[in-house]
Amino acid sequence: MLRTSIISRLALLAGAAVALPQLFACLSHPLKPVEYEKAQEAKKGVSIAVNKDVDIVFVIDDSGSMAEEQALLSANFASFINVLEADDVKANYRLAITTTDAGNPRCPSAATTPPNGDFVLSSCVDRIDLGHFTFAGVDPPIDASYSCTDYCDLTDAMLTITPTTTEKDPTEKARPWLENIEGRTNIPDGITTVQAFQCFGPQGVAGCGFESHLESMYKALKKADQNGEDNYGFLREQAILSVVIVSDEADCSFNDAHKGVFIDQKALWNSPTDPIPTSAVCWRAGVECDGDPSGYSACNSANIGEDGTKGVSDDQAVLHPVSRYTDQIDALEEQKRMFDSGAEVLVALIGGVPPGYKDAGDISYSASGDQAFLDDFGIDAGCTSAMGGTAIPPVRLREFAEHFQVGADPNIFSICDPDYSVALQAIAAKIRDQIKPACFTECVKDINTTTPELNVECTLVEENVATGVQTQIPLCEKSGGNFVPPSGQTVCYITLTDPTGDVTGSADDDMSQECVDLGYNLEFKLFRDGPAPAGSTVSALCQLSDLPEIDCPNLG
């Protein structure tokens, strides 16, 4: 975006003794260049990337081998949420959970009750008696309820969800997700979001063993945009979107037109005489490896037909191509870039890669180990936990996550680690890094130089993009130690002007280090009573410094 030259402005106004230069700058939702006509001239807006809204979707494997991993997720979840709720972040987040069970011909729906992309929000304590934490695939069945009760003792009756509205649905109702908006959660007072997740997060071990991680995510996000679905309204158009997949197996997101591969089309089975297929079908139907089976040089996703033919068209492939899912997220990312040109959708994976994973070269692929294991999964384990649990190399999931990699470090971690705190903290840090402070990207004039602090003259306006209606935003009032909108208002703002934290003696106006480092002398913070209106923008009109080279010497 073109920026108005301050020097040119001063030159134009050199002969005038009245008008002071002013400039519009975008402040908050959304984050896109905009133009305004104010007073007698058109002025260019300056984009400021700030957005504290975060939508997070966890896709959690609920198959028979996931008890240990779900317990670790609960044990370490505070490492994730503490980053988002830190005083210098305070993200306005929604957090939803679905499972990897999207249904399969080999998994009777009456037994596994597949969510099929529905968000799940019920206490694991209430689901123990429903059999969700009993793995019936062995004799005798395994009781895995410890993955719930080690960290949760709250029932659904104790976790009543507060009805809320969404940008798309003004009707107050209990939503199937956790949220913390402007410091207000939708769970009972006295219960933290960490405690709530420790009850809602464990999904049990009775889900389908032919996991469809990507298809479950796909359906969950589709339903979030379909009126009438429980997921509807979860996605906010300007919110940062983060998808976190937690699983120890390979993706088996199959095309229903080729479900015969799980019934009687046996080309990809271990043997045509086998009565039922194993998870090895998922590997053989979606992955192609190069080189010697004792140590493949590479393994990549592939389109493979029911008869084992490789390189078939997308519609003839047993598993949906990975591009089906990258295309979906790419489209959501493009929508968000209408508001913020730098928006990034974040994808994280805790899967079957070795501990300390850095890139795809760290994964060792082979098919020369224990034959019984190969018959079950089609490939040797990608990692083994300290308790002896194994995980399958996540080829399709790895490619999906890598497609959305931000920065040098992959957002991929080992499910075999004995502690998930490092992984969860790193995943949350990626989200935090997408949250930008509302720096005013010009040098603002001090209208009262008799005081040590910077005194500014600004007007903030919220505009409905669709209708063009603008509403002036008032300054906040303080009530009970908190900033709140004046009576009858739903949004307010404060100005942050203290770059060192010791000018005014109050932390309320301390600027973020990011704005200070960039040389700006003003930052805004908005406080809302509820979610931001869909399709709204906020702009700021501030009086600018006559001598920015003196008032803002570090402004680049």
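Please read all numbers here as calculations on a predicted model, not as lab measurements.

Describing the packing of helix α2 (residues 67-84) against helix α12 (residues 421-434)
- It is the contact of α2 with α12, at a shortest axis distance of 8 Å, that shows an interaxial angle of 25°. Here α2 is positioned roughly parallel relative to α12, judged by the angle of their axes. Between α2 and α12 lies a crossing whose hand is right-handed. Between α2 and α12, the residues in contact are L73, N76, F77, S79, F80, V83 and L84 and S421, L424, Q425, I427, A428, A429, I431 and R432, respectively.
- In terms of residue class, the contact of α2 with α12 is made up of 10 nonpolar, 4 polar and 1 charged.

Side note on the side chain of E211
- Mapped onto the elements of the fold, E211 is located in the loop between α6 (193-200) and α7 (213-223).
- Among buried Asp, Glu, Lys and Arg side chains, E211 stands out as unpaired, with R396 the closest opposite charge at 11 Å.
- Within the local environment of E211, its side chain forms a polar contact with the side chain of S63, the two groups lying 2.7 Å apart.
- Excluding its chain neighbours within four sequence positions, the residues that come into contact with E211 are D61, S63, T100, D248, E249, A250, D251, C252 and S253.

Overview of the sheet that holds strand β4 (residues 53-60)
- Taken together, the 7 strands give an open sheet; going across it, the order is β9-β8-β5-β4-β10-β13-β16, and neighbouring strands pair in mixed fashion. Two strands in the sheet have a free side with no partner beyond their single neighbour: β9 (184-185) and β16 (412-414).
- The sheet contact formed by β4 and strand β5 (residues 92-99) spans 8 bridges and is parallel. Bridge pairing in β5 links I60 to T99.
- Packed onto the sheet, α7 meets β4, β5 and β10 (240-246) and runs at close to 140° relative to β4.

What to know about the nonpolar core
- I56, F58, F80, L95, F197, I350 and I415 are the most contacted members of the largest nonpolar core, which has 51 residues in total.
- Among all residues touching F58, those that are not within four sequence positions of it are L73, F77, F80, L95, A96, I97, T98, F197, V244 and V246.
- Formed by 42 residues, the second largest nonpolar core is a distinct cluster that contains V57, Y365, I379 and F400.

Some remarks on the side chain of T193
- For T193, the location among the structural elements is in helix α6.
- Residue contacts for T193: discarding those within four places in its chain leaves F77, I81, E85, Y93, L178, T185 and I187.

Focus: the pairing of strand β19 (residues 470-473)
- Direction of pairing for strand β18 (residues 458-464) relative to β19: antiparallel, over a ladder of 4 bridges. Bridging from a neighbouring strand, L460 pairs with I473 of β19.
- As consecutive antiparallel partners, β18 and β19 are separated by 5 residues, and within that stretch G468 has a phi angle of approximately 80°, a positive value.

Concerning unusual backbone geometry
- Notably, K90 is not glycine yet its phi reads approximately 45°, a positive angle.
- By secondary structure assignment, the location of K90 is in the loop between α2 and β5.
- Overall, the relative accessible area of 46% leaves K90 in the partly exposed class.
- The backbone of E182 shows a phi angle near 50°, a positive value even though the residue is not glycine.
- Residue placement: E182 occurs in the loop between β8 (178-181) and β9.
- According to the relative accessible area criterion, E182 is partly exposed, its value standing at 26%.

Calculation criteria
- Sequence order as written defines residue numbering, which begins from 1 separately in each chain.
- The predicted nature of this model means local features are confined to residues of pLDDT at least 70 and side-chain atom pairs, given and counted, to a pLDDT of 80 or more, with totals for whole chains, interfaces and linings taken over all residues.
- Hydrogen atoms and water are omitted, and side-chain values are computed over all heavy atoms in the structure.
- The axes used here are C-alpha line fits, helices contributing only the stretch in contact, and every angle between their N-to-C directions lies in the interval 0 to 180 degrees.
- We count a stretch as a helix when DSSP gives it H or I for four or more residues in a row; a strand needs E for two or more, and each element gets its number in order from the N terminus.
- Any angle between 65 and 115 degrees counts as roughly perpendicular, while under 35 counts as roughly parallel, over 145 as roughly antiparallel, and the rest as oblique.
- We call a crossing left-handed when the near helix sits turned anticlockwise from the far one by less than a right angle, and right-handed when that turn is clockwise.
- Contact between two residues is taken to exist if any of their heavy atoms lie within 4.5 Å; hydrogens are not considered.
- Only Asp, Glu, Lys and Arg are considered charged in this grouping, and only Ala, Val, Leu, Ile, Met, Phe, Trp, Tyr, Cys and Pro are considered nonpolar; every other residue, Gly among them, is considered polar.
- Here's how the labels work: a residue is buried when its accessible area is under 20% of the maximum for its type, exposed when over 50%, partly exposed in between, all with a 1.4 Å probe on protein chains only.
- Note that His is not counted, nor are the chain ends; the positive residues are Lys and Arg, and the negative ones are Asp and Glu.
- The salt bridge criterion pairs a side-chain nitrogen of Lys or Arg with a carboxyl oxygen of Asp or Glu, the two atoms within 4 Å.
- Contacts described as polar in this section are N or O atom pairs within 3.5 Å, which, within protein, must combine one atom able to donate a hydrogen with one able to accept it, while residues neighboring in sequence count only if both atoms come from side chains.
- DSSP-based pairing: two strands are paired if at least 2 bridges between them are found.
- Among buried residues, the Ala, Val, Leu, Ile, Met, Phe, Trp, Tyr and Cys ones that are joined through side-chain atoms within 4.5 Å form a nonpolar core.

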